[in-house]
Structure formats: C-alpha cells, structure tokens
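# Observations on chain architecture
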Amino acid sequence: MKKLKELFKKYNHAWVLLYALIYMPWFTYLERHVTADFYLIHSPLDDYIPFVEYFIVPYLLWFVYLAVGACFLFFKDKKGFLQAARFAISGMTIFLIICTIFPNGLALRPTVFAHDNVFVDLVKIVYSTDTPTNVLPSMHVFLSVGMCMALNRTPALKDKHGIRIAAGILSFIIVLSTMFLKQHSVTDVAAALVMDGILYQLVYARQARQARKLMHEPVI
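Criteria and cut-off values
Residues numbered from 1 in each chain as written. Predicted model: local features only at pLDDT ≥ 70, side-chain atom pairs only at ≥ 80, totals over all residues. Heavy atoms only, no water. Helix = DSSP H or I, 4+ residues; strand = E, 2+ residues; numbered from the N terminus. Buried < 20%, exposed > 50% of the residue type's maximum accessible area, 1.4 Å probe, protein only. Contact = heavy atoms within 4.5 Å. Areas by Shrake-Rupley, 256 points an atom, 1.4 Å probe, with all protein chains shown as cover. 1 Å grid on protein atoms, 1.4 Å probe; cavity = no way out; pocket = protein on both sides within 12 Å on 5 of 7 lines; lining within 4 Å. Points joined across faces, edges and corners; volume = space filled by probe spheres on them. Nonpolar A, V, L, I, M, F, W, Y, C, P; charged D, E, K, R; others polar. Polar contact = N/O pair within 3.5 Å; in protein donor to acceptor, adjacent residues only side chain to side chain. Phe/Tyr/Trp six-rings, centres within 6.5 Å; stacked < 30°, edge-to-face > 60°. Core = buried A, V, L, I, M, F, W, Y, C linked by side-chain atoms within 4.5 Å.

On to the overall build of the protein chain, then. Tallying secondary structure elements over the protein chain gives eight helices and two strands in all. Projecting the C-alpha coordinates of the protein chain onto the three principal axes gives extents of approximately 70 × 45 × 40 Å. Classification of the 220 residues of the protein chain by burial places 41% in the buried group. Partitioning the intrachain contacts of the protein chain with sequence separation of at least 6 by distance along the chain shows that 89% fall at a separation of at least 24. For the protein chain, the accessible surface area stands at approximately 13200 Å², while carbon and sulfur atoms represent 70% of it.

Quick look at the layout of surface pockets now. When its volume is computed, the largest pocket comes out at roughly 1200 Å³. In terms of lining residues, the largest pocket is bounded by 41 residues, among which Tyr23, Trp62, Leu66, Met92 and Leu143 are the most central. For the lining of the largest pocket, the secondary structure elements donating two or more residues are helix H2 (20-33), helix H3 (56-76), helix H4 (78-101), helix H5 (118-129) and helix H6 (139-153). The leading source of residues in the lining of the largest pocket is H3, at nine residues. Among the residues forming the lining of the largest pocket, the class breakdown is 30 nonpolar, eight polar and three charged.

Right, let's talk about the side chain of asparagine 134 for a bit. The topology assignment puts asparagine 134 in the loop between H5 and H6. For asparagine 134, a relative accessible area of 5% puts it in the buried group. At 3.4 Å, the side chain of asparagine 134 and the backbone oxygen of leucine 30 are in polar contact. Filtering out sequence-adjacent residues up to four positions away, asparagine 134 remains in contact with Phe27, Leu30, Glu31, Val34, Phe95, Cys99 and Asn104.

This part covers the packing of aromatic side chains. The final tally for this structure, using the stated rule, is 16 aromatic pairs. A centroid spacing of 5.5 Å and a plane angle of 15° characterise the contact between tyrosine 11 and phenylalanine 74, whose relative ring orientation is stacked. With tyrosine 11 in the loop between helix H1 (2-10) and H2 and phenylalanine 74 in helix H3, the pair connects residues that are 63 residues apart, well separated along the chain. Look at phenylalanine 74 and you get buried, because its relative accessible area is 13%. Ring geometry for tyrosine 54 versus phenylalanine 119: centroids 5.1 Å apart, planes at 70°, classification edge-to-face. Here phenylalanine 119 lies in helix H5 and tyrosine 54 lies in the loop between strand E1 (39-40) and H3, a separation of 65 residues in the sequence. Judged by relative accessible area, which is 27%, phenylalanine 119 ranks as partly exposed. Connected via pairs of aromatic rings, a cluster forms that spans Tyr11, Phe74, Phe75 and Phe81.

The subject of this paragraph is unusual backbone geometry. A cis amide bond, omega -10°, links leucine 136 with the succeeding residue proline 137. As for its position among the elements, proline 137 is in the loop between H5 and H6. For asparagine 134, which is not a glycine, the phi torsion comes out positive at approximately 55°. One non-glycine residue with positive phi stands out, namely lysine 182, at about 60°. Mapped onto the secondary structure, lysine 182 falls in the loop between helix H7 (161-180) and helix H8 (186-216).

For the rest of this paragraph, the subject is the nonpolar core. Counting 43 residues, the largest nonpolar core has Tyr23 and Phe142 as its most contacted members. Elements with a contribution of two residues or more to this core: H2, H3, H4, H6, H7 and H8. Sorting elements by how many residues they give to this core places H6 first, with 10 residues. Setting aside chain neighbours within four positions, we find phenylalanine 142 in contact with Phe87, Ala88, Gly91, Met92, Ala192, Met195, Asp196 and Leu199. In terms of nonpolar packing, the next biggest core, distinct from the first, is built from nine residues, Tyr59, Val123, Val126 and Leu181 among them.

Right, dumping it as structure tokens:
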C-alpha cells in the first residue's frame with residue numbers, strides 16, 4: 001500500500017489525461033454533425049501544391065511522435081509534461097470552440113489517384129475514417145510544433161542534440177504532409193502556426209520571464 005501511494009504521488013500529474021473525456025466527446029459530436037453546412041476553407045496556394053501519397057508516412061508517424069514524446073516527458077520531466085499539457089489543452093480547446101461557432105471544412109481531396117500502391121491505399125483509409133471537416137486550425141500542425149517546442153526545452157534532452165534536431169525535422173515534414181495529402185489547406189496550417197506562436201508566449205516565454213524576475217528580486 002505504501003509503494004502504491006508513492007507511485008500515485010510520483011505520477012499524480014496523470015490527471016491532465018482526463019481532458020480526453022472532454023475533448024473526444026466534443027470532437028466526435030462535431031465530426032458527426034458538421035457534414036454539409038460549413039464554411040469552405042481554401043487558399044490560392046493550395047492549387048499549386050500537388051498531391052503526394054508518400055507523405056502518408058510522416059502523417060501517420062504523427063501519432064507515434066506524440067505518444068512517444070508525451071510518455072518521455074511524463075516519466076522524465078514532470079514540469080515539462082505539465083507545461084506541454086497546458087499548451088496542448090489550451091490549443092485543442094480553442095480548436096473545438098472555433099469549429100463549434102465557425103463550422104469549416106475542405107474540398108481539396110482528389111477523387112482519382114495517379115498511382116495504385118500501398119501509400120495510396122493508406123491515404124484512402126485515412127480519407128474514409130477522417131472527415132474533411134473541422135480542419136481550422138490544423139491539430140496535426142499545432143501539436144507537432146508544440147511537441148517539438150516541449151522536447152527542445154526539456155532539461156532531459158539538454159545534451160541530446162540529435163534527438164532535438166530529429167524532432168524539428170519530423171515536425172516540419174509532418175506539417176508539409178498535411179498539405180501534400182490534401183488533409184489541410186495552407187490556411188489551416190498558417191492558423192495553427194499563429195496559435196503555436198501565441199500560446200508559446202503565454203505558456204513558455206511568460207513563465208521564463210517570471211522566473212528571471214524572481215531570480216533578480218532581493219531576498220528579504
């Protein structure tokens with residue numbers, strides 16, 4: 001019993017995972033009800049971006065990337081995990097609110113494919129399971145960049161330059177994949193990056209400034 005209490009105390013930050021009980025029902029409701037009457041997102045730049053099925057690989061790696069990154073922070077950097085969770089939950093909630101009051105979707109997906117291979121097959125599976133609605137801002141982009149920020153800031157990877165660089169490269173390729181697979185418009189990506197920038201200032205930069213201020217305050 002004592003060891004169990006110690007375990008709960010050590011990993012009591014797991015409570016933030018309860019946010020899934022809010023996010024999933026809300027998102028599922030939007031996916032089921034935003035089907036026809038929505039604002040069509042489109043950027044002129046979308047027309048210049050070709051469909052490239054090979055980007056399905058980094059697109060799907062997103063799930064592994066987030067899971068591995070979150071687990072690493074959970075066990076190795078409690079403070080970093082809570083900051084990353086605050087960042088992610090804030091953005092995901094903003095996303096849900098936007099899609100609730102401003103239903104949106106895309107009409108970018110190809111109906112005919114130039115190739116017939118396993119990558120196209122995977123794309124078809126994604127298309128069949130993920131509706132082209134509730135896309136602004138892109139959660140693939142927002143959370144990828146957010147994870148990259150968290151991994152580059154954690155003291156646990158301070159001397160692991162290779163891992164931090166790899167996280168940056170993978171995040172960049174995932175961002176590209178959303179557009180080359182026609183899963184998101186350039187507009188969705190831009191909105192996600194803006195939200196990343198704003199929340200970075202609120203979650204990370206603001207706390208860093210407060211910490212520096214406290215360090216320079218005189219001890220009474």
